[in-house]
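If you want the building blocks of each chain, they are given just below.
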Amino acid sequence: MEKMNHAFEKMKMLVGMDVEDEESAVENDSNSFAFIDDFNRQCTLTTKQRLYGFAICFSVGIFCTLLSLLVFFNPIKFGITFTFGNLLSLGSTAFLIGPKRQVTMMLDPARIYATAIYIASMIIALFSALYVHNKLLTLLALILEFGALIWYSLSYIPFARSMVSKIMLACFDTEF
């Protein structure tokens, strides 16, 4: 019963509700998410604050992504604004579900590769746009980033990735 109470208290903390007996909660130092647990405890928000944070962060992310279309023919500016918009949109969901759950879901075995490619492509796009100033490399990183974004997003929809894979195989099958 104590485990269930502890799990229920953790769920309350994840959604921003006050926990009556926070000091009695057992700290699990062997947990690899100890830092994120502490961060979640310090960042408790009301439901209204979470929705405002999500809406603002997501809106600014979408605005940056749409703004990047205005500078599409300048790959460096496009890469910076597009990647910044993706980062904001991705981070906006942390307001809804909490940073610990966000990281846990991103590191789930079903989407770990999509997450790694998505984050790596964002880093490569920013690096090639800000430091290398190579338009071709920036454009290639953005194409990879967009593909990784789609594949990452499909991982949250049951059977979507297998369906898209089958459709792509059917469309690009060279045998007649």
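Fair warning: this is a prediction, and the values are worked out from it, not measured in the lab.

Asks: Could you clarify how one ought to interpret the overall build of the protein chain in this entry?
Replies: The helix and strand inventory of the protein chain stands at 8 helices and 0 strands. Start at the N end of the protein chain and walk to the C end: the helices and strands fall as α-α-α-α-α-α-α-α. Burial analysis of the protein chain (176 residues in total) assigns 30% to the buried set. Considering only contacts within the protein chain whose residues lie at least 6 apart along the sequence, 65% involve residues at least 24 apart. On the protein chain, roughly 12000 Å² of surface is accessible, and the fraction owed to carbon and sulfur atoms is 72%.

Asks: Is there a simple way to think about the UniProt feature "transmembrane region" (unreviewed entry) in the protein chain in this case?
Replies: UniProt records the feature "transmembrane region" (unreviewed entry) for residues 51-72, 78-98, 110-131 and 137-159 in the present numbering. The span residues 51-72 shows a helical share of 82% and a strand share of 0%, and its end C-alpha atoms are spaced 31 Å apart. Taken end to end, residues 110-131 is 91% helix and 0% strand, and its two terminal C-alpha atoms sit 33 Å from one another.

Asks: Whenever I open this one, unusual backbone geometry confuses me. Can you help?
Replies: Glycine aside, residues mostly have negative phi angles, and peptide bonds mostly take the trans form. For H133, which is not glycine, the phi torsion reads 55° and is therefore positive. Within the fold, H133 resides in the loop between α6 (112-132) and α7 (135-154).

Asks: Can you walk me through the packing of α6 against α7 in this structure?
Replies: Each pair of packed helices can be summarised by the angle the axes make with each other and by the distance between the axes. As a packed pair, α6 and α7 sit with axes 8 Å apart at the nearest point and diverge in direction by 155°. As summarised for this structure, α6 and α7 are arranged roughly antiparallel, according to the angle between their axes. The interaxial crossing formed by α6 with α7 has left-handed handedness. Contacts from A114, T115, I117, Y118, S121, M122, I124, A125, S128 and A129 of α6 reach α7 at L137, T138, A141, L142, L144, E145, A148, L149, W151 and Y152. Of the residues belonging to the contact of α6 with α7, the class tally is 15 nonpolar, 4 polar and 1 charged.

Asks: Whenever I open this one, the side chain of N86 confuses me. Can you help?
Replies: Tracing the sequence through the fold places N86 in helix α4 (residues 75-97). Given a relative accessible area of 6%, N86 falls into the buried group.

Asks: What exactly am I supposed to notice about helix α5 (residues 99-106) here?
Replies: Two residues of an α-helix separated by three or four positions point the same way, owing to the 3.6 residues in each turn. K100, Q102 and M106 are the residues of α5 that are buried. Mapping the buried residues of α5 onto a view down its axis gives an arc of 165°, with all of them on the same face.

Asks: In this structure, what is going on with the packing of aromatic side chains? I would like to understand it.
Replies: One pair of aromatic rings is described through two measures. These are the centre distance and the angle between the planes. Scanning the entire structure with this criterion turns up 8 aromatic pairs. A centroid spacing of 5.2 Å and a plane angle of 80° characterise the contact between F72 and F78, whose relative ring orientation is edge-to-face. On the basis of relative accessible area, F72 is assigned to the partly exposed category, the value being 40%. A residue is classified by how much of its surface remains accessible, and F78, at 7% relative accessible area, is buried. Here the guanidinium or amino end of R111 rests over the ring plane of Y156, the centre of that ring lying 3.8 Å away.

Asks: Looking at this structure, how should I read α6?
Replies: With 21 residues, α6 extends 28 Å between its outermost C-alpha atoms, agreeing within 8% with the 30 Å of an ideal straight helix rising 1.5 Å per residue. Where α6 is buried, its residues contact α4, α5, α7 and α8 (160-171).

Asks: Could you clarify how one ought to interpret the pattern of salt bridges in this entry?
Replies: Side-chain pairing between opposite charges can occur once the charged atoms of the two side chains come close. Scanning all chains against the criterion turns up 1 salt bridge. Residue R111 is joined to D108 by a salt bridge in which the shortest nitrogen-to-oxygen separation is 4.0 Å. Residue class for D108 comes out partly exposed when judged on its relative accessible area of 29%.

Asks: Is there a simple way to explain the confidence of the model for the protein chain in this structure?
Replies: Taken over all residues, the pLDDT of the protein chain has a mean of 80, while the share at 70 or more is 78%. Across residues 21-30 the pLDDT falls below 50, and counting only partners more than four positions away or on other chains, this stretch makes 6 contacts in the model.

Procedures and definitions
- Residues numbered from 1 in each chain as written.
- Predicted model: local features only at pLDDT ≥ 70, side-chain atom pairs only at ≥ 80, totals over all residues.
- Heavy atoms only, no water.
- Helix = DSSP H or I, 4+ residues; strand = E, 2+ residues; numbered from the N terminus.
- Buried < 20%, exposed > 50% of the residue type's maximum accessible area, 1.4 Å probe, protein only.
- Contact = heavy atoms within 4.5 Å.
- Areas by Shrake-Rupley, 256 points an atom, 1.4 Å probe, with all protein chains shown as cover.
- UniProt positions renumbered as here; feature names shortened; annotations may be inferred.
- Axes fitted to C-alpha atoms, helices over the stretch in contact; angles between N-to-C directions.
- Parallel < 35°, antiparallel > 145°, perpendicular 65-115°, else oblique.
- Left-handed = near helix turned anticlockwise from the far one by under 90°.
- Nonpolar A, V, L, I, M, F, W, Y, C, P; charged D, E, K, R; others polar.
- Arc of directions from axis to C-beta.
- Phe/Tyr/Trp six-rings, centres within 6.5 Å; stacked < 30°, edge-to-face > 60°.
- Lys NZ or Arg CZ within 6 Å of the ring centre and 35° of its normal.
- Expected span 1.5 Å × (residues − 1).
- Salt bridge = Lys/Arg side-chain N within 4 Å of Asp/Glu carboxyl O.
- pLDDT = per-residue confidence, 0-100.

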